[in-house]
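# Report on the structure
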Number of protein chains: 2
Amino acid sequence: MNVPSFSVVTVAPSGARLGRFSTAHGVVETPAFMPIATHGSVKGIAPRELVELGATIVLSNAYHLAQRPGVEVVQSLGGLHRMMGWSGPILTDSGGFQVMSLQGLIQVDDDGVSYRSHVDGRAGRLTPETSVAAQEALGVDVAMSLDECLPAGAERARVAEAVARTTDWAGRGLAARRRTDMALFGIVQGGLDPALRGESAAALLALGFDGYAVGGLAVGEPPEDTARVAATSVGLLPADRPRYLMGVGTPRDLLTFVTMGYDLFDCVLPTRNARNGMLFTREGKLMIRNAQHARDPRPVEEGCECYTCAHFSRGMLRHLALAKEMLGAQLATHHNLHFYLRLMREIRAALAEGTFPARAAAAAGAWAA
Amino acid sequence: MNVPSFSVVTVAPSGARLGRFSTAHGVVETPAFMPIATHGSVKGIAPRELVELGATIVLSNAYHLAQRPGVEVVQSLGGLHRMMGWSGPILTDSGGFQVMSLQGLIQVDDDGVSYRSHVDGRAGRLTPETSVAAQEALGVDVAMSLDECLPAGAERARVAEAVARTTDWAGRGLAARRRTDMALFGIVQGGLDPALRGESAAALLALGFDGYAVGGLAVGEPPEDTARVAATSVGLLPADRPRYLMGVGTPRDLLTFVTMGYDLFDCVLPTRNARNGMLFTREGKLMIRNAQHARDPRPVEEGCECYTCAHFSRGMLRHLALAKEMLGAQLATHHNLHFYLRLMREIRAALAEGTFPARAAAAAGAWAA
């Protein structure tokens, strides 16, 4: 099989599409949600549980892994898949988002990024070339181009500069690529400005990537702006390549952006919120620490088939959260990932049978409202 | 089947024995090690994993559960088994050990124990009668009598007082018992004094319990003293009842005390040490945070069949520990419990086939030396 490759199976009237994204470690049916394994581990979830939950691709972070344990250490341990104990596809973010979120530790120039490690304070340097080389060395299936991602509210001139830099870096990364079995995605930037988004997308398309991501959204802007820019951007992307909307979102967001024609998603919400006691259910969010759940023998979500709901009550999950027992975070994460991944399965089933979005909305429940 | 009941299957020349302990939630083949689930959860390990690891009985703590979430809450959630998602036997400690370990928050008198909750500071009262009632309400299979447990080095007069109190409390607890399907164990105290141990055991035997524990050991005394007193004490206990040596120990300790004729064990070592990066292997202890493991692709223990060793390298476990990823503690705990429970299986197999201790020592490896 030629990898990477992408084929669209069917397209709904809205533009939502069912697809198959073939990578070196297997096929990802899209639309797909990628659980986040920043340091090579989905917090609290063993890889065999990811398989049980129906995850088909996970997201890790090349910047974080380069800091710790280091790219060469990952190589000594047989590459990222072997190290993680995960044999399915892996996508890594390059570090562009970290450029934004670790401001102060970082200086950006036209050639690349200088930083002080958030782990040990050592000075480091990241360029488009070293970023692609690191992701190739990690052995991932999908690499992201190094981009410059700005927080919401940046001035237009600054956004324009970031777009130009992101385009230049994308071309340099593409030229530096050696592994042809690794997909490389370009990242459209441009803030909330339609003209800059258009400029960014056109430049990336001219370079030619295996897939295209829309970055720089869900970084603090109002949700209407996210939706507006996402809608504009998706129309700029080719139909025959996977489209990845980075860092999104709630179950509602997933429905919205699948409807527009996005194929790939990642978000910390299901995992991070689980650790903070927020559980996703068809009825909406359930704050498990609330006193009202103390004696409640019902599962988190009635009818849910996940291991957590099949064996544990709301009362037990509350007890585990209050007692700070690790198992509480594990079980909550398990359920939340089940909720997200079930939603994606229902979305794909609805697209396959031509009932999108109705069937998918039922899986999202109150979140679809 | 009449429960509780205990039968000795075979006795080795040393006095080590293979037994069957039938409880309301199933049979425990002895010698057995009980993983610790103080708050109703073995830290980092889901109940289905306990089954996979071959755990047949777990230990929880009635004092802690009474503090949080509270006995009535556990009842609302269907009892401790249902709440925990664990359908096998459960033994609860009563709180005697907490009387010792939470000194300062606690006052002991002849009638019982007054304490301030370590959870919320509220004043509480524990008596032999309320302790048995609480364990019955939790629905456990094996309850421990409320005892007074002293730290190592207590004066003889103080130890004698604790023995007298423990005897009195044992009788009161026995008289208060209502559930006949719940085993109730007496706890032999007496510090390091053979005469007091003898006095304690004789008094408990006269009362008649379903099983007998030896308490107040492994509380800071030199290992020779532990072994000497354990050896004296085991001879005081009836052959037709399970014998539980509380709070013990290393793999070496398990071999030593099984050899003497003890049947049940519990210890925080495999679980707590796992969380601190100390792993048990046939070659001895492995400190996973050490730099030497950074690039080591080998499993924690070569040939080990546990999930951790089948899928993860020493290098990955070190990375997870240093990155403070929950999964690191989970995988380390999984391996350590596997090591302990495999050792107990090998001990039982050796007893069954008449090769004890040779076959068991092979399973313990360097720990048997």
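Reference entry: report on the structure contained in this document. What you see is a predicted model; the values in this text were computed from it and never measured.

Another point: the environment of Arg20 of chain A. Residues and elements named next belong to chain A. Structurally, Arg20 can be placed in strand S2 (residues 17-23). Classification of Arg20 as partly exposed rests on a relative accessible area of 36%. When near neighbours in sequence (up to four residues on either side) are disregarded, Arg20 contacts Ser5, Phe6, Ser7, Val9, Val27, Val28, Glu29 and Thr30.

Residue and element names in this part refer to chain A. Relative to S2, strand S1 (residues 5-11) is paired through 6 bridges, and the arrangement is antiparallel. Across the sheet, residue Val8 finds its bridge partner in S2, namely Gly19. Where S1 folds back onto S2 in an antiparallel hairpin, the turn is made up of 5 residues, including Gly15, whose phi is positive at roughly 110°.

As a general point, the strands of a sheet are linked pairwise by backbone hydrogen bonds and lie either parallel or antiparallel. Residues and elements named next belong to chain B. The strand order S1-S2-S3 describes an open sheet built from 3 strands, whose pairing is antiparallel. Looking along the sheet, the strands with just one partner apiece sit at the ends: strand S1 (5-11) and strand S3 (26-30). The sheet shows a mean angle of 15° between the axes of neighbouring strands, direction not considered. Running over the sheet, helix H14 (residues 326-353) touches S1, strand S2 (17-23) and S3 and is turned about 115° from S2.

At the interface, 43 residues of chain A touch 43 residues of chain B. Roughly 3,500 Å² of surface becomes buried between chain A and chain B when both sides are summed, with 58% attributable to carbon and sulfur atoms. Interface area lost by chain A to chain B is led by Arg48, Arg295 and Met326 of chain A, which between them contribute 19%. Viewed at the interface, chain B and chain A are joined by 18 residue pairs in polar contact (both at pLDDT 80 or more). Taken together, the elements giving at least two residues each to the side of chain A that touches chain B come down to helix H1 (47-53), helix H3 (71-76), helix H4 (79-84), helix H12 (307-311), helix H13 (314-322) and helix H14 (326-353) of chain A. The residue inventory of the side of chain A that touches chain B, partitioned by class, reads 20 nonpolar, 12 polar and 11 charged.

Let us look at the pattern of salt bridges. Enumeration according to the criterion identifies 54 salt bridges over all chains in this entry. Between Asp225 of chain B and Arg228 of chain B there is a salt bridge; the shortest N-O distance is 3.3 Å. With Asp225 of chain B and Arg228 of chain B both in helix H9 (residues 223-234) and 3 residues apart, this pair spans about one turn of that helix. You can call Arg228 of chain B partly exposed: its relative accessible area is 38%. Linked by salt bridges that have partners in common, Asp109, Asp111, Arg125, Glu129, Asp168 and Arg172 of chain A make up one network.

As a further point, take the relation of the copies chain A and chain B. Relating the two copies of this chain is a rotation about some axis coupled with a shift parallel to it. Expressed as a screw operation, the relation of chain A to chain B combines 0.0 Å of axial shift with a rotation of 180°, fitting to an RMSD of 0.0 Å. Both chain copies can therefore be described as sitting about a two-fold axis. Rotation axis and chain A: the residue whose C-alpha lies nearest the axis is Met326 of chain A, separated from it by 3.8 Å. With an isologous cut-off of 70% or more, the 100% of interface residues of chain A that recur at the interface of chain B puts this contact in the isologous class.

Rules of the game
Residues numbered from 1 in each chain as written. Chains lettered and ligands numbered in written order. Predicted model: local features only at pLDDT ≥ 70, side-chain atom pairs only at ≥ 80, totals over all residues. Heavy atoms only, no water. Helix = DSSP H or I, 4+ residues; strand = E, 2+ residues; numbered from the N terminus. Buried < 20%, exposed > 50% of the residue type's maximum accessible area, 1.4 Å probe, protein only. Contact = heavy atoms within 4.5 Å. Pairing = 2+ DSSP bridges. Axes fitted to C-alpha atoms, helices over the stretch in contact; angles between N-to-C directions. Buried area = accessible area lost by both parts, 1.4 Å probe. Polar contact = N/O pair within 3.5 Å; in protein donor to acceptor, adjacent residues only side chain to side chain. Nonpolar A, V, L, I, M, F, W, Y, C, P; charged D, E, K, R; others polar. Salt bridge = Lys/Arg side-chain N within 4 Å of Asp/Glu carboxyl O. Least-squares fit on C-alpha atoms with pLDDT ≥ 70 in both.

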